[in-house]
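One-letter residues, chain by chain:
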Amino acid sequence: MIQIAVFSDVHGNLPALEVVLKDIEQRGIRQKFCLGDLVDFAPWGNEVIEKIRSLNIPCLMGNHDERIAFDIPVVPLSKHSEEETNARFIAIEHSKKHITIQNKKFLAELPFHLKLNYKTGKRHWNIQLVHSSLESNDTYLYESENDQVFRTMLESADADLVVMGHTHLSFKKLFDDQTWAVNCGSVGRSKEENRLASYLVLTLDEEKITPEIVQLPYPVDETVRQIQESGIPDYYASFLENKHVLIL
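Now for a look at the structure at hand. Just so it is clear, the model here is predicted, and its values are computed rather than measured. (Residues numbered from 1 in each chain as written. Predicted model: local features only at pLDDT ≥ 70, side-chain atom pairs only at ≥ 80, totals over all residues. Heavy atoms only, no water.)

### Some details on helix α6 (residues 147–157)
Spacing of three or four residues puts side chains on the same side of an α-helix, whose turn is 3.6 residues.
Then, in step 1: F150, M153, L154 and A157 are the residues of α6 that are buried. The arc that holds every buried residue of α6, seen down its axis, measures 95°, which confines them to one face. Away from its buried face, by an angle of more than 90 degrees, α6 presents the exposed residues E155 and S156.
Then, in step 2: Structurally, α6 contributes buried residues whose contacts are with β3 (114–120), β4 (123–129), β5 (161–164), β6 (171–175) and β7 (179–183). (Buried < 20%, exposed > 50% of the residue type's maximum accessible area, 1.4 Å probe, protein only. Helix = DSSP H or I, 4+ residues; strand = E, 2+ residues; numbered from the N terminus. Arc of directions from axis to C-beta. Contact = heavy atoms within 4.5 Å.)

### Topic: the packing of aromatic side chains
Then, in step 1: Taken as a whole, this structure holds 4 aromatic pairs when the rule is applied.
Then, in step 2: When the centroid spacing of 4.5 Å and the interplanar angle of 25° are considered together, the rings of F41 and Y236 count as stacked. On the criterion of sequence distance, the pair formed by F41 in the loop between β2 (31–34) and α2 (45–54) and Y236 in helix α8 (residues 235–240) is long-range, its members being 195 residues apart. For the pair F41 and Y236, a shared accessibility class is recorded, and that class is buried.
Then, in step 3: Taken together, the aromatic side chains of F41, Y235 and Y236 make up a single cluster linked through ring pairs.
Then, in step 4: In this arrangement the basic side chain of R123 is found over the ring face of W125, its NZ or CZ atom lying 3.9 Å from the centre. (Phe/Tyr/Trp six-rings, centres within 6.5 Å; stacked < 30°, edge-to-face > 60°. Lys NZ or Arg CZ within 6 Å of the ring centre and 35° of its normal.)

### Describing the nonpolar core
Then, in step 1: One finds F7, L17, L38, I52, L107, Y199 and Y236 to be the most contacted residues of the largest nonpolar core, which totals 48 residues.
Then, in step 2: The dominant element in this core, judged by the number of residues it contributes, is helix α1 (residues 14–26), at 6 residues.
Then, in step 3: For L107, the contacting residues outside a window of four places in its chain are L38, V39, I49, M61, D65, I68 and A69. (Core = buried A, V, L, I, M, F, W, Y, C linked by side-chain atoms within 4.5 Å.)

### Some points on the sheet that holds β7
Then, in step 1: On the basis of which strands lie adjacent, the open sheet formed by 5 strands has the order β3-β4-β5-β7-β6 and mixed pairing. Strands with a single pairing partner mark the edges of an open sheet, and in this sheet they are β3 and β6. Strand-to-strand twist across the sheet, computed as the mean angle between neighbouring axes with direction ignored, equals 15°.
Then, in step 2: This element, α6, spans β3, β4, β5, β6 and β7 of the sheet and lies at about 75° to β6. (Pairing = 2+ DSSP bridges. Axes fitted to C-alpha atoms, helices over the stretch in contact; angles between N-to-C directions.)

### A short note on the state of the cysteines
Then, in step 1: Per the stated rule, a full pass over the model turns up 0 disulfides.
Then, in step 2: C59 takes part in no disulfide bond, and the closest cysteine sulfur, belonging to C34, lies 3.6 Å away.
Then, in step 3: With no disulfide of its own, C184 lies 8.1 Å from the sulfur of C34, the closest cysteine sulfur. (Disulfide = S-S within 2.5 Å.)

### Re the pairing of strand β1 (residues 2–7)
In summary, the side chains of a regular strand alternate between the two faces of the sheet.
Then, in step 1: Summarising the sheet, β1 and strand β8 (residues 197–204) pair through 5 bridges and their orientation is antiparallel. Within the sheet, the bridge partner assigned to Q3 lies in β8 and is T203.
Then, in step 2: Traced from β1 through α1 to β2, the parallel crossover comes out right-handed. (Right-handed = clockwise from strand over helix to strand, strands pointing away.)

Quick look at the structure:
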């Protein structure tokens, strides 16, 4: 049996990341992977990057990582309210100003996606890791998406399981009793009603892959206080306290 932990979308929330990493360690899981979006919306962007670097955790380039690494202009998103649009511009500019040159270089060198192959007994398992999809790190694929979208992704990747993040909403979808599409949710900026830090544990044996979504409480009050004391808009503190209506 092999166990793998996959997490995504930390978004500068170091207290949430530390809780997730501690839980992974307590479970005795040594294989860890991050699907990206280390920065923006909470004030520990540099510390999160340096934690991932110090632990040598393989990490993908999320859309927020790419924007900060290459100073890509921010454009409004139609799904956002005027309040969130204004807050988003300020928060991303905060990251562009405060993320160090060395850490921006680290973000710029992250891979776009990653293919894993594990052998358990006589069985090989192919696991495709993406931030949001094979073609883009900024595509929103929700559980309600047509199943064929995920089937096509699995076929294109020649994978038994594809794991994604980006939407901050976890789900598991099983196809034909043998292949999976899984969203591991968000560590630091969950959009689920409970706002808990979310990550994925994969258990591989010779017969099957078993995905488990793990959701953990973390010291939200500390993150809220630090956001309020930083140059990041209070919108993101209120969001973590679940004071904003979610618009998908």
